[in-house]
Amino acid sequence: MHIAVINGPNLNLLGVREPERYGTSTLAQIEAALRDRARALGVQQVSWFQSNHEGALVDAVQGLAGAADGALVNAAAYTHTSVALRDAFLAVRVPFVEVHLTNVWAREEVRHRSLLADLALGVVAGFGADSYLLGLEALVGRLRRA
């Protein structure tokens, strides 16, 4: 099983960006914990991608077709604004779980709307770095039952 993880803008600043909101874990620490959990779940391959650029994220999503069994996606601010990312997910039809470090529904109103959530298998939000691990477990479980 191959799980791809796609991370959007500003997530490269985790650990220093608003630690009171996003926690002190860096993206590299989240990646290491996720790879450990994936190994324990029997996932053979994890690919990891982060970009601050919408087009690069669209390219990464398009690259999932025929390459990944499923994906975890933290599109960050693009969750709420990117029709292009939505269209890419519609085109590739790879099952994915949307993840967020914060509870987006407890934040600014603009963050209450996701352009991806209705396409996702589910959404995990508000558990900090554990959102990735919870999303991974749910995704792997769903893929195994399919």
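Refer to the structure printed above.
Note that the structure is predicted; figures quoted are calculated from it, not measured.

Caption draft 1: Just the nonpolar core, in detail. Residues Leu34, Leu72 and Tyr132 are the most contacted members of the largest nonpolar core, which totals 24 residues. Of all the secondary-structure elements, those providing two or more residues to this core are β1 (2-7), α2 (27-40), β2 (45-50), β4 (96-100) and α5 (130-145). For this core, the element with the most residues is α5, which contributes six residues. Aside from chain neighbours lying at most four places away, what touches Leu34 is Val5, Val46, Trp48, Leu72, Tyr132, Leu133 and Leu136. Of all hydrophobic cores here, the second largest spans 20 residues; its members include Ala4, Ile6, Val61 and Ala88.

Caption draft 2: Representation of the pairing of β1 in the model. A large share of β1 lies buried, amounting to six of its six residues. Side chains His2, Ala4 and Ile6 project from β1 onto one buried face, and the interleaved Ile3, Val5 and Asn7 project onto a second face that is buried too. Pairing of β1 with β2, which is carried by six bridges, proceeds in the parallel orientation. Each residue of the ladder has a partner; that of Val5, found in β2, is Trp48.

Caption draft 3: The arrangement of unusual backbone geometry in detail. Look at Asn10: it is not a glycine, yet its phi comes out positive at around 75°. Structurally, Asn10 can be placed in the loop between β1 and α1 (19-22). According to the relative accessible area criterion, Asn10 is partly exposed, its value standing at 33%. Of note, Arg93 is a non-glycine position whose phi angle comes to about 55°, a positive value.

Caption draft 4: Spotlight on the pattern of salt bridges. For the structure on display, the rule yields four salt bridges. A salt bridge links Arg86 to Asp118, with the nearest nitrogen and oxygen atoms 2.7 Å apart. A residue pair is termed long-range when its members are at least 10 positions apart, and Arg86 in helix α4 (residues 83-92) and Asp118 in the loop between β4 and β5 (122-125) qualify at 32 residues. Overall, the relative accessible area of 22% leaves Arg86 in the partly exposed class. We classify Asp118 as exposed; its relative accessible area is 55%.

Caption draft 5: Representation of the packing of α2 against α5. One can describe the packing of α2 onto α5 by two numbers: an axis separation of 9 Å at closest approach and a directional angle of 30°. Viewed along their axes, α2 and α5 adopt a mutual orientation that is roughly parallel. For the pair α2 and α5, the sense of crossing is right-handed. Where α2 abuts α5, its residues Leu27, Ile30, Ala33, Leu34, Arg37 and Ala38 lie against Tyr132, Leu133, Leu136 and Glu137. Looking at the contact of α2 with α5 residue by residue, the class counts come to eight nonpolar, no polar and two charged.

Caption draft 6: Local environment of the sheet that holds β1. The five strands are arranged β2-β1-β3-β4-β5 in an open sheet whose pairing can be described as parallel. Looking at the sheet topology across the chains shown, the edges are occupied by β2 and β5. Within this sheet the neighbouring strands show an average axis-to-axis angle of 20°, counted without direction. Here β1 runs beside strand β3 (residues 70-74); their pairing, made up of five bridges, is parallel. Among the inter-strand pairings, Ala4 is bridged to a residue of β3, identified as Ala71. In this fold α2 packs onto β1, β2 and β3, with an angle of close to 165° to the strand it touches most, β2. This element, α5, spans β1, β2, β3, β4 and β5 of the sheet and lies at about 155° to β3.

Each value, and the rule that gives it
Residues numbered from 1 in each chain as written. Predicted model: local features only at pLDDT ≥ 70, side-chain atom pairs only at ≥ 80, totals over all residues. Heavy atoms only, no water. Core = buried A, V, L, I, M, F, W, Y, C linked by side-chain atoms within 4.5 Å. Buried < 20%, exposed > 50% of the residue type's maximum accessible area, 1.4 Å probe, protein only. Helix = DSSP H or I, 4+ residues; strand = E, 2+ residues; numbered from the N terminus. Contact = heavy atoms within 4.5 Å. Pairing = 2+ DSSP bridges. Salt bridge = Lys/Arg side-chain N within 4 Å of Asp/Glu carboxyl O. Axes fitted to C-alpha atoms, helices over the stretch in contact; angles between N-to-C directions. Parallel < 35°, antiparallel > 145°, perpendicular 65-115°, else oblique. Left-handed = near helix turned anticlockwise from the far one by under 90°. Nonpolar A, V, L, I, M, F, W, Y, C, P; charged D, E, K, R; others polar.

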